[in-house]
Amino acid sequence: GRIDLSIEPVACAALADECLKLVAPLAVARGIGLNRGPLPDLTVLADRMRLKQVLVNLLSNAVKYNRPHGEVGLDVSVVEGRVRFTVADTGPGISEERMGDLFTPFNRLGAENSEIEGTGIGLTISKRLVELMGGRIGVESRLGEGSRFWVDLAPVEPEAEEPKTETSALVAADSATAEFEHMLLYIEDNPSNLRLMAQILKLRGNLGLMTAQSSSFGLELAAIHHPDLILLDLNMPEMDGYEVLSLLRASDWGRDIPVIAVTAHAMPDDIERGRAAGFADYLTKPLDIPRFLAAIDAQLARGEAR
């Protein structure tokens with residue numbers, strides 16, 4: 001359960017816009033309106049990738065657990081000297097007696113028996129991440145009136161230069177709304193490997209790439225975007241690749257997505273275990289690029305044939 005954080009000044013408005021773009025396909029599919037509330041020029045001290053993970057989780061939940069043709073809003077404000085991100089929805093609301101279960105792992109307040117995508121770990125991990133960044137997360141809700149989830153973080157003066165951004169969006173395009181023939185998701189905690197993958201896949205202009213530096217954020221993106229293929233590192237701190245594969249296969253939305261293991265575990269026993277677990281292919285690092293691209297083509301072709 002080790003989590004490494006990279007704390008730096010994070011521009012709130014730019015991050016909020018990125019999160020709204022990532023969740024937009026889910027909102028469109030469900031007929032939910034996404035409203036960009038006030039986003040003043042504020043900066044917080046946080047791990048940018050992890051804060052994005054938290055906000056995407058809150059936004060996707062607000063979309064998924066909403067009423068038909070409902071609304072979701074995201075705004076930023078200052079409350080008692082802290083910067084507050086607020087995600088509001090017009091859903092059914094949460095009863096007071098169930099509030100204590102919200103941040104419990106795998107407790108989806110009954111939605112586990114519905115068609116709503118999810119794993120039941122997002123809010124638990126979000127709470128832990130926010131607290132590790134020195135912040136607080138909370139919720140206000142009334143039955144029949146919707147819910148408001150909020151995250152408070154410490155403000156900081158903005159840096160003179162733009163802060164660094166991690167690779168965790170659609171890196172093969174300038175816009176999250178760009179059209180691709182196929183969409184891939186790469187879940188890997190090493191930023192250098194993420195950058196290398198983006199460079200390799202530029203050889204294929206028809207492939208879009210989403211990336212996530214943590215297992216839970218990768219699952220969140222997979223549930224929202226339903227990629228055509230997932231590339232998955234096996235050795236990650238939050239949960240390993242086998243656990244991620246198991247959660248995908250246990251879900252209605254993820255059971256048929258092909259998953260290729262991309263790993264440094266190259267012993268024969270490792271490869272045999274990976275194939276037995278159900279990976280569509282098992283590729284070892286350092287990557288043989290022609291072999292890698294051929295494996296991607298083979299899995300995408302099988303998906304088109306289904």
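Residues numbered from 1 in each chain as written. Predicted model: local features only at pLDDT ≥ 70, side-chain atom pairs only at ≥ 80, totals over all residues. Heavy atoms only, no water.

Peer 1: Any details on the sheet that holds strand E10 (residues 229-232)? Residues and values, ideally.
Peer 2: Strand order in the open sheet made by the five strands is E9-E8-E10-E11-E12, with parallel pairing throughout. Edge positions in the sheet fall to strand E9 (207-212) and strand E12 (281-284), since each of these pairs with one other strand and no more. Ignoring which end each strand starts from, the neighbouring axes of this sheet average 20 degrees apart. Here four bridges tie strand E11 (residues 259-263) to E12, and the two strands are oriented parallel to one another. Bridging across to E12, Val262 finds its partner in Leu283. Running at roughly 175 degrees to E9, helix H4 (residues 191-201) makes contact with strand E8 (182-187), E9 and E10 of the sheet. Running over the sheet, helix H5 (residues 215-225) touches E8, E9 and E10 and is turned about 165 degrees from E8. (Pairing = 2+ DSSP bridges. Helix = DSSP H or I, 4+ residues; strand = E, 2+ residues; numbered from the N terminus. Axes fitted to C-alpha atoms, helices over the stretch in contact; angles between N-to-C directions. Contact = heavy atoms within 4.5 Å.)

Peer 1: An account of the packing of H5 against helix H6 (residues 241-250) is needed here, citing residue identities and associated values.
Peer 2: Remark: H5 packs on H6, axes separated minimally by 11 Å, with the N-to-C direction vectors making an angle of 25 degrees. Judged on the interaxial angle alone, H6 and H5 are roughly parallel. The crossing of H5 and H6 is right-handed. Between H5 and H6, the contacting residues are Ser215, Leu219 and Ala222 on the first element and Val244, Leu247 and Leu248 on the second. A breakdown of the residues in the contact of H5 with H6 according to their chemical character gives five nonpolar, one polar and no charged. (Parallel < 35°, antiparallel > 145°, perpendicular 65-115°, else oblique. Left-handed = near helix turned anticlockwise from the far one by under 90°. Nonpolar A, V, L, I, M, F, W, Y, C, P; charged D, E, K, R; others polar.)

Peer 1: Lay out the pattern of salt bridges with the relevant residues and their values.
Peer 2: Scanning the entire structure with this criterion turns up 13 salt bridges. Arg204 is the partner of Asp297 in a salt bridge, and the nearest nitrogen-oxygen pair spans 2.6 Å. Placement of Asp297 in helix H8 (residues 289-305) and of Arg204 in the loop between H4 and E9 is noted, with a sequence separation of 93 residues between them. Note that Asp233 is salt-bridged to Lys285, the shortest N-O span being 3.5 Å. Placement of the pair is Asp233 in the loop between E10 and H6 and Lys285 in the loop between E12 and H8, with a sequence separation of 52 residues. Residue Asp233 is classed as buried on the basis of its relative accessible area of 4%. According to the relative accessible area criterion, Lys285 is partly exposed, its value standing at 25%. (Salt bridge = Lys/Arg side-chain N within 4 Å of Asp/Glu carboxyl O. Buried < 20%, exposed > 50% of the residue type's maximum accessible area, 1.4 Å probe, protein only.)

Peer 1: Kindly report on the packing of helix H2 (residues 48-64) against helix H3 (residues 122-132), identifying the contributing residues and their values.
Peer 2: Running from N to C, H2 and H3 point in directions that differ by 145 degrees, and their axes come no closer than 10 Å. Regarding H2 and H3, the two cross each other, and that crossing is left-handed. Where H2 abuts H3, its residues Arg50, Gln53, Val54, Asn57, Leu58 and Asn61 lie against Gly122, Leu123, Ile125, Ser126, Leu129 and Val130. Class assignment of the residues belonging to the contact of H2 with H3 gives a composition of six nonpolar, five polar and one charged.

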